[in-house]
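# Understanding the architecture of this molecule
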Amino acid sequence: MRTIKAFAAIAAMIFMAACSSNEQQAAAPATTTVTPGSVADFRQNVGDRVFFDTDMSVIRPDGRETLNRQAEWLKKYTNYPITIEGHCDERGTREYNLALGERRANAASQYLIAQGIPAARIKTISFGKENPDPPGSDEGAWARNRRDVTALQ
Amino acid sequence: MNTRFAMKFSRRSTILGGAALAAGSAAPARAQLTIDMTKPSFEPVPIAIVDFSGDRVGADIAGVIRNDLQNSGLFRSISPSSFIQRDVDASAAPRFADWRGVGAAGLVVGQVQQAGGNIKVDFRLWDVVVGQQATGLSFNSQPSNWRRLAHIIADAIYKRVTGEEGYFDTRVAYVSETGPLSSRTKRIAIMDQDGANNRYITDGRTIALTPRFSPTLQEIVYMAYPEDRTPPRVFLQNVDSGRRELLGNFPGMSFAPRFSPDGTKVVMSISAEGRTNIYEMDVRGRAQRRLTNSAAIDTSPCYSNDGTQIVFNSDRGGTQQLYIMSAAGGGERRISFGEGRYATPVWSPRGDYIAFTKISGSGFGIGVMRTDGSGERMLASGFLVEGPTWAPNGRVLMFFRQQPNSGGRAGSVTLAQVDITGRFERQVPTPTDASDPAWSPLIPQ
């Protein structure tokens, strides 16, 4: 339902912009078209994923920045429980990667709890190497596959 | 599937072989119908398999036997079109000169007879070089079991020629993969070792992985996501009835299950709060016991063939390596010391080797080492090869081979088979992409 509402809001804003002025619509950056507090707002303006080094589950500095923004946002919009999904690239064995994904999800969960997000709001799940995004087999794809994704429920 | 399989084994001795035996015994037996598969080099044994007489299914039976033996890499099936003797009588001695003429070391003949709703199948393996019967068996079974009869005959031939138990009357459980990588369907399937009789065990609604057979083949354990966004659990499922139940109710994720050799226990990994440890569960009483207690990832546990030890992989020392412990827990010691990461150890049913996946800078490999970690040998390599499983004779392995994804499309994923020398690898046919093979024990007769 939340997703649908968010899309409806975007559509309405684009429609209004189109009515008032074509120039204004073209000039407006994409980030201004999402409703604050929506799933789209979280994904676009906060960032729903953090990335890891090969075979590691340590949160990197860039990941800490993302998680800090997530914590701030989650404290502001307290109605969302979250699930942190841990993922791996394909260069590990299936069973080990399930465990590594769990470890990565747990690392982000612990970090958010330390920032004041109640543990009861957070679930974790590992997908190992079973859900690659993007589906490539090169260094660039692997770097993006070694990730946690924070999903709003 | 596991229909009651009434079979009479009556080992034919030398009912017809009397004359041939006398002739054969004059010449010293040259060992051409035998093969030592552990030798560094050998020629496949040339063997002629004649369509079984007496019933239309006889040609199908011969076809299955030819395919089994040829696929082992130890035999060369001589094309029936080149046969000289066309009037072979399954109950009489063949014209050995004709079979030497086509280069055969062995000749297989057989016949099928209707017997009160059942079929009676006899076969003989003739040693063409020596000119005498090498082995022969007679079976009685339901007509629908003809493929199994063919595999059992192929096993008998394999055993007579190699001195090793056969592995053709077996099944393989695996993960069938379909669809794009972004929403891939992964469901568990079971098929005969040669790819026949494929059927699906899970519905594909959620991802299911790592199937493993019980010793009787009546049950499998596997890991599945109960719902799309619920952490994976281990399930125990009856293969025939389809009835499935959760095995253990642990907090967090449970995965990597495997039966003990006697089928009374299942060992698995449980993850919680970033730690993954190994637990044992009693299948009947459901008592559970923790076997490792580390802050590391301890997973992919596998019992030794005698059930007294467990080999597993752990990153407790920094990188993923192989360790052995007592089946009751404790006494943990590292056995892999080569360069790279070691994973998915599987103990040979014969107890002499441990097979594993190795990840190094150059890619993935499948290898074997002795159970003390010495004598490491790599048998196969590639962009991604993973998950070895032993044939029941401990002389052949199956694993899976994935090609790189490209252009947003999934690379092919196929099952492969390799013998313990690494000489002979072949792709195992499956209806869809396939990963995570689990080779069954010999089907109980």
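Only a predicted model underlies this, so the values are computations on that prediction, with no experimental measurement involved. (Residues numbered from 1 in each chain as written. Chains lettered and ligands numbered in written order. Predicted model: local features only at pLDDT ≥ 70, side-chain atom pairs only at ≥ 80, totals over all residues.)

## Section: the overall build of chain B
Note the threshold: Secondary structure counts use DSSP, requiring at least four H or I residues in a row for a helix and at least two E residues in a row for a strand, with both numbered from the N terminus. The globule rule is 2.2 Å times the number of residues to the power 0.38, and the radius of gyration it is compared with is taken over C-alpha atoms. Residues are called buried when their C-beta atom has 20 or more other C-beta atoms within 10 Å, exposed when it has 12 or fewer, and partly exposed otherwise; all C-beta atoms are positioned from the backbone. Residue pairs qualify as contacts under a 7 Å threshold applied to their C-beta atoms, which are placed from the backbone.
Per the secondary structure count, chain B includes four helices and 29 strands. In summary, chain B has a C-alpha radius of gyration of 24 Å against a globular reference of 22 Å for 445 residues, a match within 12%. Judged by the C-alpha coordinates and their principal axes, chain B covers about 75 × 50 × 45 Å. Expressed as a percentage of its 445 residues, the buried residues of chain B come to 49%. Looking at chain B alone, contacts between residues at least 24 apart form 46% of all its contacts between residues at least 6 apart.

## Some words on the overall build of chain A
The helix and strand inventory of chain A stands at six helices and four strands. Reading the helices (α) and strands (β) of chain A from amino to carboxyl end gives α-α-α-β-α-β-α-β-α-β. Relative to its 153 residues, chain A shows a buried fraction of 38%. Looking at chain A alone, contacts between residues at least 24 apart form 69% of all its contacts between residues at least 6 apart.

## Things to note about the packing of helix α2 (residues 57–71) of chain B against helix α4 (residues 146–162) of chain B
Residues and elements named next belong to chain B. Put simply, the test is: Angles run from 0 to 180 degrees between N-to-C directions of axes, and those axes are lines fitted to C-alpha atoms, restricted for helices to the stretch in contact. Any angle that falls under 35 degrees is termed roughly parallel, while one over 145 is termed roughly antiparallel, one within 65 to 115 roughly perpendicular, and all others oblique. Throughout, a crossing is termed right-handed when the near helix is turned clockwise from the far one, and left-handed when it is turned anticlockwise from it by less than a right angle. Residue type decides the class: Asp, Glu, Lys and Arg count as charged, Ala, Val, Leu, Ile, Met, Phe, Trp, Tyr, Cys and Pro as nonpolar, and the leftover types, Gly among them, as polar.
Where α2 meets α4, the closest approach of the two axes is 9 Å, and the angle between their N-to-C directions is 45°. Accordingly, the angle class assigned to the pair α2 and α4 is oblique. Judged by the sense of rotation from one axis to the other, the crossing of α2 with α4 is right-handed. Between α2 and α4, the residues in contact are Val57, Asp60, Ile61, Val64, Ile65, Asp68 and Leu69 and Trp146, Arg147, Leu149, Ala150, His151, Ile153, Ala154, Ile157 and Tyr158, respectively. Each residue belonging to the contact of α2 with α4 can be placed in one class, and the counts come to twelve nonpolar, one polar and three charged.

## Quick word on unusual backbone geometry
In the segment running from Asp133 of chain A into Pro134 of chain A, the intervening peptide bond is cis, with an omega of 5°. Position of Pro134 of chain A among the secondary structure elements: in the loop between β3 (122–128) and α6 (139–145). Phi at Ala256 of chain B takes a positive value of approximately 55°, unusual for a residue other than glycine. Structurally, Ala256 of chain B is set in strand β13 (residues 253–259). Backbone geometry places Glu273 of chain B, a non-glycine residue, at a positive phi of 55°.

## Some remarks on the interface of chain B and chain A
Across the contact, 35 residues belong to chain B and 22 residues belong to chain A. Mapped onto the side of chain B that touches chain A, the elements with two or more residues apiece are β9 (208–213), β13, β14 (265–272), β17 (298–303), β21 (341–347), β22 (353–360) and β25 (384–390) of chain B. Classifying every residue of the side of chain B that touches chain A gives 14 nonpolar, 17 polar and four charged.

## Some details on the nonpolar core
Residue and element names in this part refer to chain B. We apply this condition: Nonpolar core, as used here: buried Ala, Val, Leu, Ile, Met, Phe, Trp, Tyr and Cys residues forming one set through C-beta atoms within 7 Å.
Judged by nonpolar contacts, the single largest core of 130 residues is most densely connected at Ile47, Ile65 and Val108. At ten residues, α4 tops the list of elements feeding residues into this core. Among all residues touching Ile47, those that are not within four sequence positions of it are Leu69, Phe75, Arg76, Ser77, Ile78, Ala104, Ala105, Gly106 and Val108.

## Side note on the sheet that holds strand β7 (residues 185–192) of chain B
Backbone hydrogen bonds hold the strands of a sheet together, and the pairing may be parallel or antiparallel. All names here are of chain B. The condition is simple: Strand pairing is assigned whenever DSSP identifies at least 2 bridges connecting the two strands.
Read from one edge of the open sheet, four strands run β8-β7-β6-β29, paired in antiparallel fashion. Single-partner strands in this sheet number two, and they are β8 (199–200) and β29 (433–439). As judged from the five bridges shared by strand β6 (residues 171–178) and β29, these two strands associate in the antiparallel manner. Looking across to β29, one finds that Val175 is bridged to Ser435.

## Some details on the sheet that holds strand β18 (residues 309–314) of chain B
Spatial strand order, β17-β18-β19-β20 (chain B): four strands in an open sheet with antiparallel pairing. On the outer flanks of this sheet lie β17 and β20 (333–334) of chain B, each paired with one strand and no other. Two elements, β18 of chain B and strand β19 (residues 321–326) of chain B, share six bridges in a ladder whose sense is antiparallel. Paired with Phe312 of chain B across the bridge in β19 of chain B is Tyr323 of chain B. Strands in contact with helix α5 (residues 94–114) of chain A are β17 and β18 of chain B; relative to β17 of chain B, the strand with the most contacts, it is inclined by about 145°.

## Regarding the domain arrangement of chain B
Residue and element names in this part refer to chain B. Quick reminder of the rule: Boundaries between domains were set according to an automatic or database domain assignment.
We note that the domain assignment places domain 1 (17–162) and domain 2 (171–439) within chain B. The C-alpha centroid of domain 2 is placed 36 Å from the C-alpha centroid of domain 1. Counting residues at the interface gives six residues for domain 1, matched by eight residues for domain 2. Looking at the side of domain 1 that touches domain 2, the element that brings in the most residues is α2, giving three residues. Here the side of domain 1 that touches domain 2 is built from residues that sort into one nonpolar, three polar and two charged.

## Quick notes on the confidence of the model for chain B
Rules: A residue's pLDDT is simply how confident the predictor is in it, with values from 0 to 100.
Considering every residue of chain B, the mean pLDDT works out to 91; 93% of them sit at 70 or more. In this model residues 1–31 of chain B is a low-confidence stretch, pLDDT under 50, and it forms 44 contacts with partners more than four residues away in sequence or in other chains.

## Notes on the pairing of strand β28 (residues 425–428) of chain B
Residues and elements named next belong to chain B. Across four bridges, strand β27 (residues 413–419) lies against β28 in antiparallel orientation. Paired with Ala416 across the two strands is Gln427, which belongs to β28. Between β27 and β28, which follow one another and run antiparallel, lie five residues, and Gly422 among them has a positive phi close to 80°.

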